[in-house]
There are 2 protein chains.
Amino acid sequence: MDAMNDTPRDERAIREYAEGFASNLVAAGMARMPARVFAALLVTDGGSLTAAELAETLQASPAAISGAVRYLTQVDMIRRDREPGSRRDVFRLYDDIWDSLLRRRDAILRMWAANLREGAAIVGAGSPAGKRMSDSAEYFEFVHRELPGVLDAWARHKEDRAKKGLDAAQ
Amino acid sequence: MDAMNDTPRDERAIREYAEGFASNLVAAGMARMPARVFAALLVTDGGSLTAAELAETLQASPAAISGAVRYLTQVDMIRRDREPGSRRDVFRLYDDIWDSLLRRRDAILRMWAANLREGAAIVGAGSPAGKRMSDSAEYFEFVHRELPGVLDAWARHKEDRAKKGLDAAQ
DNA sequence: GCCAACTTTCACAAAATTGTGAATCAAGCG
DNA sequence: CGCTTGATTCACAATTTTGTGAAAGTTGGC
């Protein structure tokens, strides 16, 4: 239970990792700059970064940062905060990033379901395509219903983990 | 329980819907042509389309189709079949599209988890960023474990639905 | 109310993506 | 075997996307 805090950050390696992480996000469909911003926030010890700091670490213009954070804010992947008595925004990941992300994405599932129902009506409810599409809709509705349960299970799981072994090396 | 089969397909409306559906996929991060191909297959009564038919309905070149189906095949969103005694490929969605898609995506979850663990090591396991990243990894591992249960529940749910009310006009 | 510190917007240039046509390749069938 | 149908690859052109610099907007604080 020692020798874990004070290892100095290898900024070079970290930056490289972050860029790779961003590339994975890009491969998953995200635009590049938002992906880089997200990755930068992920690997930051302070937990938050200002627009200027993002521009500095990513070697990008304020304009590019502005666009990226606007997008990330819209899709609820980051929070924009402003400390009272300052006029610079600071950006941070949500606590329990992925969990809160999924929770917010909930609406998207419903959207797809509704969209597919609409499509089923258009192709004809009784047709093979209609059948396929309402099955699809039902699938989305199903996972929409199941999701909260899984997320709650995660919350419990996390709590358990926190109780035993507060140190949690490895 | 009548008047549902023989409504003629309004091809114009269907095509329009399919293009809209494709646009949604694009918004979700998919490249345009694969999205259009997927949508076209989704709304097809026959359940399958040849490359030539895809080119025709989408007004796209064989080359574009070839690229799109290669991609879709790779990410396991469609199947490519060839009937014996023919040399043209026919493409179709999997049965229970989204379910099989999720099952195949399973590996991706593990990939992200592993990637995040690696990152946690790089930034330092004891650091705030390291904590954030191994928490993230754990989250992915968790849903990776939970997923099969949910998918099985879906299978049961679907079976139930099939048993009662085979017609399902609701 | 004005100044300064930040952020956003806009027009544009650079760069990456996409789809095309033409050529090449593969394979069933006579 | 060669012919014919169909799929794939390649170089290229067109479109779209991205990021930049500069100008304009906001908003705290004096």
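Owing to the predicted nature of the structure, the values given are computational and were not obtained by experimental measurement.

K.L.:
What is the right way to read the UniProt feature "domain: HTH marR-type" (unreviewed entry) in chain A from this model?
P.N.:
Here the UniProt feature "domain: HTH marR-type" (unreviewed entry) sits at residues 29-88 of chain A. Here residues 29-88 of chain A is 53% helix and 13% strand, with 30 Å between the C-alpha atoms at its ends.

K.L.:
Explain the protein's contact with DNA strand C here, please?
P.N.:
DNA strand C sits among 18 residues. The nearest are A:R80, A:D89, B:S61, B:A63 and B:G85. Within 4 Å of the protein, the contacting atoms of DNA strand C are drawn from sugar and phosphate to the extent of 62%. A:S66 places a polar side-chain atom, nitrogen or oxygen, 3.3 Å from a phosphate oxygen of DNA strand C. Within the side chain of A:R87, a nitrogen or oxygen atom sits 3.3 Å from a base nitrogen of DNA strand C. Counting residues per element, the ones that place at least two in the surface near DNA strand C are α4 (62-74) and β2 (78-82) of chain A together with α4 (62-74) of chain B. Element by element, the count of residues in the surface near DNA strand C is highest for α4(A), at 3 residues. Across the surface near DNA strand C, the residue classes break down as 7 nonpolar, 4 polar and 7 charged.

K.L.:
Please explain the environment of A:S48 as it appears in this structure.
P.N.:
All names here are of chain A. Mapped onto the elements, S48 comes out in strand β1 (residues 48-50). On the accessibility criterion, S48 (21% relative accessible area) is partly exposed. In sequence terms S48 and L93 are 45 residues apart; their C-alpha atoms lie 7.4 Å from each other. The residues touching S48, leaving out its near neighbours within four places in the chain, are L41, E53, V90, F91 and R92.

K.L.:
Please clarify how helix α3 (residues 51-58) of chain A should be interpreted in this entry.
P.N.:
Note: α-helices contain 3.6 residues per turn, so residues at a spacing of three or four share the same orientation. Residues and elements named next belong to chain A. Buried within α3 we find L54, A55 and L58. Around the axis of α3, the buried residues are gathered within 100 degrees of arc, so they sit on the same side. Along α3, exposed side chains directed more than 90 degrees from the buried face belong to A52 and E56. Summarising the contacts, the buried residues of α3 are in contact with α1 (11-27), α2 (32-42), β1, α4 and β3 (89-93). After α3 finishes, the residue Q59 shows a positive phi value of roughly 55 degrees.

K.L.:
What's the story with the sheet that holds strand β3 (residues 89-93) of chain B in this structure? I'm lost.
P.N.:
Note: strands within a sheet are paired through backbone hydrogen bonds, in either parallel or antiparallel orientation. Residue and element names in this part refer to chain B. Reading across from one edge, β1-β3-β2 is the order of the 3 strands in this open sheet, with antiparallel pairing throughout. On the outer flanks of this sheet lie β1 (48-50) and β2 (78-82), each paired with one strand and no other. Each adjacent strand pair in this sheet contributes to an overall mean axis angle of 30 degrees, direction not counted. Note that β1 and β3 share 3 bridges and pair antiparallel. Bridged to L49 within β3 is F91.

K.L.:
Could you clarify how one ought to interpret the domain arrangement of chain A in this entry?
P.N.:
Residues and elements named next belong to chain A. Under the domain assignment used here, chain A contains domain 1 (11-93) and domain 2 (97-163). Once you take the C-alpha centre of each, domain 1 and domain 2 turn out to be 28 Å apart. Of the residues lining the interface, 7 residues belong to domain 1; the matching set on domain 2 comes to 5 residues. With both sides pooled, the region where domain 1 packs onto domain 2 buries about 500 Å², and carbon together with sulfur makes up 73% of that total. By the criterion of area lost to domain 2, the three top residues of domain 1 are F38, D76 and M77, representing 59% of everything that side buries. Scanning the region where domain 1 abuts domain 2 turns up 1 salt bridge. Among the ionic pairs, R104 bridges to D76, the shortest N-O distance being 3.4 Å. Across the domain 1-domain 2 interface, the total number found is 1 residue pair in polar contact (both at pLDDT 80 or more).

K.L.:
What am I meant to see in the packing of aromatic side chains here?
P.N.:
For any pair of aromatic rings, the description consists of the separation of the ring centres together with the inter-plane angle of the planes. Inspection of every chain in the model, using the stated rule, returns 16 aromatic pairs over all chains. Between A:F38 and A:W98 the ring centres are 5.8 Å apart and the planes differ by 65 degrees, which places this aromatic pair in the edge-to-face class. Of this pair, A:F38 sits in helix α2 while A:W98 sits in helix α5 (residues 97-123), and the two are 60 residues apart along the sequence. Ring geometry for A:F142 against B:W154: centres 5.4 Å apart, planes inclined by 55 degrees, an arrangement best described as tilted. With A:F142 in helix α6 (residues 128-163) and B:W154 in helix α6 (residues 128-163), the pair connects residues from two separate chains.

K.L.:
Is there a simple way to explain the side chain of A:R132 in this structure?
P.N.:
Mapped onto the fold, A:R132 is located in helix α6. For A:R132, the contacting residues outside a window of four places in its chain are B:L41, B:L42, B:V43, B:T44, B:D45, B:G47, B:L93 and B:I97.

K.L.:
Whenever I open this one, the protein's contact with DNA strand D confuses me. Can you help?
P.N.:
In the region of DNA strand D, 19 residues are neighbours, and A:S61, A:A63, A:A64, A:G85 and B:R80 sit closest. Each atom of DNA strand D within 4 Å of the protein was classed as base or backbone; sugar and phosphate made up 64%. With respect to DNA strand D, the side chain of A:S61 contributes an N or O atom lying 2.8 Å from a phosphate oxygen. At a separation of 3.3 Å, a base nitrogen of DNA strand D approaches a polar side-chain atom of A:R87. Elements represented by at least two residues in the surface near DNA strand D include exactly α4 of chain A together with α4 and β2 of chain B. Per-element tally for the surface near DNA strand D: the top contributor is α4(B), with 4 residues.

About the thresholds
- For every chain, the first residue of its written sequence is number 1, and the numbers climb from 1 along that sequence.
- To read the labels, note that chains go from A and ligands from 1, taken in the order they are written.
- Under the rules for a predicted model, residues below a pLDDT of 70 receive no local features and side-chain atom pairs below 80 are neither given nor counted, while totals for whole chains, interfaces and linings still include all residues.
- The side-chain numbers reported here are obtained from all heavy atoms of the structure, hydrogens and water having been left aside.
- UniProt positions are given in the numbering used here, feature names are shortened, and annotations may be inferred rather than shown by experiment.
- Helix and strand definitions here come from DSSP, where helices need a minimum of 4 consecutive H or I residues and strands a minimum of 2 consecutive E residues; each element is numbered from the N-terminal end.
- If even one non-hydrogen atom of a residue comes within 4 Å of a molecule or strand, that residue is called near it.
- Polar contacts, as counted here, are pairs of nitrogen or oxygen atoms within 3.5 Å of one another; within protein the pair requires one atom able to donate a hydrogen and one able to accept it, and residues that are adjacent in sequence qualify only if both atoms are side-chain atoms.
- Throughout, the ten residues Ala, Val, Leu, Ile, Met, Phe, Trp, Tyr, Cys and Pro are labelled nonpolar, Asp, Glu, Lys and Arg are labelled charged, and all others, Gly among them, are labelled polar.
- With a 1.4 Å probe rolled over the protein chains alone, any residue whose accessible area is under 20% of its type maximum counts as buried; one over 50% counts as exposed, and the rest are partly exposed.
- In this description, contact between two residues means that some pair of their heavy atoms is separated by no more than 4.5 Å.
- The directions considered for the arc run from the helix axis to the C-beta atoms.
- Between any two strands, pairing holds if DSSP finds at least two bridges.
- Interaxial angles span 0 to 180 degrees and are taken between N-to-C directions of axes, which are lines fitted to C-alpha atoms, for helices over the stretch in contact.
- Per the annotation, domain bounds derive from an automatic or database assignment of domains.
- Buried area is calculated as the accessible area (1.4 Å probe) missing from two parts once they are joined, with the contributions of both summed.
- Within this document, salt bridges are pairs made up of a side-chain nitrogen of Lys or Arg and a carboxyl oxygen of Asp or Glu, the two lying within 4 Å of each other.
- Note on ring pairs: Phe, Tyr and Trp rings are taken, using the six-membered ring of Trp, and paired if centres are within 6.5 Å. Classes follow the plane angle, with under 30 degrees stacked, over 60 edge-to-face and the rest tilted.

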